Amino acid sequence: MNQPSAKQKKAPSRKITLYSFVQSLYLSISLFFSNDLISSASACAFGFMLSVIPTIMLICIVLIRVLHASPETLSALISGSPFSGQIFNGSYFASLLDSVHRITNFEIVISVAIIWMARRFFSSVVIALQRIFGGEVQPRPLRNQLIIFAGEILIVAFLSAIIFLSMTAHTIGLFPRFYGFLEPLNRAAELIARAAAVSVPFVLIFISCAFAYKFASRTKPPFSSSLIASAGTTVSFRLLTALFYLFINSNRYSMVYGVLSSVIVFLMGALFFFIIFLFFAQWLYVCQFFDTLLLCELYLLPQQKSRKSLSNIKRFLFLSPDFLTSKKGNTLCLKAGDYVYKKHEESACAFYIASGTVALQSGSSETVLEQGTFFGEEQCILKMSRLEDAVSASDSLIVTIPYAEFRKLIERSPKVAGKAFSKIELQAERKQS
């Protein structure tokens, strides 16, 4: 690959700025709606609604039969979970399972049915994540089914272990009892135990989301990014539940509409959670493939100011991509008169003008390109020699896009492919004329 004629200056180290963070949010919101993730969130919510009772029953079976938990403790944990205390009677589940002292054939059949019902939820989540990350991985239906079943088994075992540990911590926090001047420790232990009981559901949400983002996406995002996305999901859902109960008195609606009100409230909570969950999954995808997505937006930017306000907003937001210009070896800092490339050179990359102007000179004709313009991509795609000289008409900052990276843009976006090949056709027509 031939390097451009001008000398490359060392670019500053890669960094995340407020500008690039806002760009990532815009891309996340745009892709969230273009992927129709609201419908996916609804499917996940309904799948969760159908699967949550079987899953809770499985967890209760493990806790009571294997870990010997008390029905009263299970009832307190279920009633303390966000949105679920309105509709699920934990003492009923626990006493029902505790009343049966030996495993029968009927229980085995019921357990198989429960597992089959519960997989509906995991299937909805996997399908939703495939909408987001599916373009980056090859479809493997058998592997997806194995992931669904494995996820179900792991979540039941994982939640059972966490709940058991929380119950153990609760017991340890209450005993022994202190007297005399150490008696304030009793109150502190009780407060810690109550806080732990309230925080357990959200700790479970955080850990479950982190593992889902890391492994269910199948694109191997950094674990730190998965943790950040999981923390964002958990905190956002915690704030949402607080606001929900602050402005809506669900008890009043329960008195009027009965169980139906509880079902609606629970379903709303599940829908809100999965909207948040899928939004942060989309944000994780944007962060993982930010370079390529940003280049797609740059290539499709309108060349001049438009009457449409949205086009002007996009142009203002993406015109100066500091995240790309901060990448080492990715930027040309040119003075007026410096060559970007010369005629008959091999074309191994395309170029984007981040700032300044560039003149394309061919014989006596000259075309001046301004900030926000791609050039040289036609020869790059076709691997042709350069047909003109490209000279910096002022102090310029040029982003280079190698052939392999530009090919990714074409494969990812039909709009990018259409625009690129239309420019190739236009260039061919001009050459013939």
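What you see is a predicted model; the values in this text were computed from it and never measured. (Residues numbered from 1 in each chain as written. Predicted model: local features only at pLDDT ≥ 70, side-chain atom pairs only at ≥ 80, totals over all residues. Heavy atoms only, no water.)

Trainee: Please explain the overall build of the chain as it appears in this structure.
Mentor: Broken down by element type, the chain carries 16 helices and 8 strands. Taken across its 433 residues, the chain has 42% of its residues classed as buried. At a minimum sequence separation of 6, the contacts of the chain that also span at least 24 residues come to 80%. Carbon together with sulfur atoms contributes 66% to the accessible area of the chain, which is approximately 23,600 Å² in total. (Helix = DSSP H or I, 4+ residues; strand = E, 2+ residues; numbered from the N terminus. Buried < 20%, exposed > 50% of the residue type's maximum accessible area, 1.4 Å probe, protein only. Contact = heavy atoms within 4.5 Å. Areas by Shrake-Rupley, 256 points an atom, 1.4 Å probe, with all protein chains shown as cover.)

Trainee: I tried to follow the confidence of the model for the chain on my own but got confused; where do I start?
Mentor: Low pLDDT marks stretches whose predicted atomic positions should not be read closely. Looking at the chain, pLDDT values average 75 and 61% of them are 70 or higher. Per-residue pLDDT stays below 50 along residues 1-13; that stretch engages in 30 contacts with residues further than four places along the chain or on separate chains. (pLDDT = per-residue confidence, 0-100.)

Trainee: Please clarify how the sheet that holds strand 1 (residues 331-334) should be interpreted in this entry.
Mentor: To summarise the sheet geometry, strands pair through backbone hydrogen bonds and adopt either a parallel or an antiparallel arrangement. Reading across from one edge, 1-8-3-6 is the order of the 4 strands in this open sheet, with antiparallel pairing throughout. Across the chains shown, the open sheet's two edge strands, defined by having one partner strand only, are strand 1 and strand 6 (374-375). Most of the contacts of helix 15 (residues 403-412) go to strand 8 (residues 396-402), to which it runs at about 75 degrees, and overall it touches strand 3 (349-355), strand 6 and strand 8. (Pairing = 2+ DSSP bridges. Axes fitted to C-alpha atoms, helices over the stretch in contact; angles between N-to-C directions.)

Trainee: Explain the packing of helix 1 (residues 18-34) against helix 11 (residues 290-299) here, please?
Mentor: For any two helices packed against each other, the geometry comes down to the angle between their axes and how far apart the axes lie. Here helix 1 crosses helix 11 at 80 degrees, and the two axes come no closer than 11 Å. Relative to helix 11, the element helix 1 lies roughly perpendicular. Contacts from S20, Q23, S24, L27 and L31 in helix 1 reach F290, L293, L294 and E297 in helix 11. For the contact of helix 1 with helix 11, the per-class residue count stands at 5 nonpolar, 3 polar and 1 charged. (Parallel < 35°, antiparallel > 145°, perpendicular 65-115°, else oblique. Nonpolar A, V, L, I, M, F, W, Y, C, P; charged D, E, K, R; others polar.)

Trainee: For this particular structure, what's the right way to read helix 8 (residues 223-247)?
Mentor: Three or four residues apart is the spacing at which side chains of an α-helix point the same way, because the helix has 3.6 residues per turn. An ideal rise of 1.5 Å per residue puts 36 Å on 25 residues; helix 8 measures up with 36 Å between its terminal C-alpha atoms. Every buried residue of helix 8 is accounted for by S225, S226, A229, S230, G232, T233, T234, F237, T241 and F244. (Expected span 1.5 Å × (residues − 1).)

Trainee: How should I be thinking about the state of the cysteines in this particular structure?
Mentor: What we call a disulfide is simply a covalent bond connecting the sulfur atoms of a pair of cysteines. Following the criterion strictly, the structure yields 0 disulfides and no others. With no disulfide of its own, C349 lies 6.5 Å from the sulfur of C380, the closest cysteine sulfur. Residue class for C349 comes out buried when judged on its relative accessible area of 3%. (Disulfide = S-S within 2.5 Å.)

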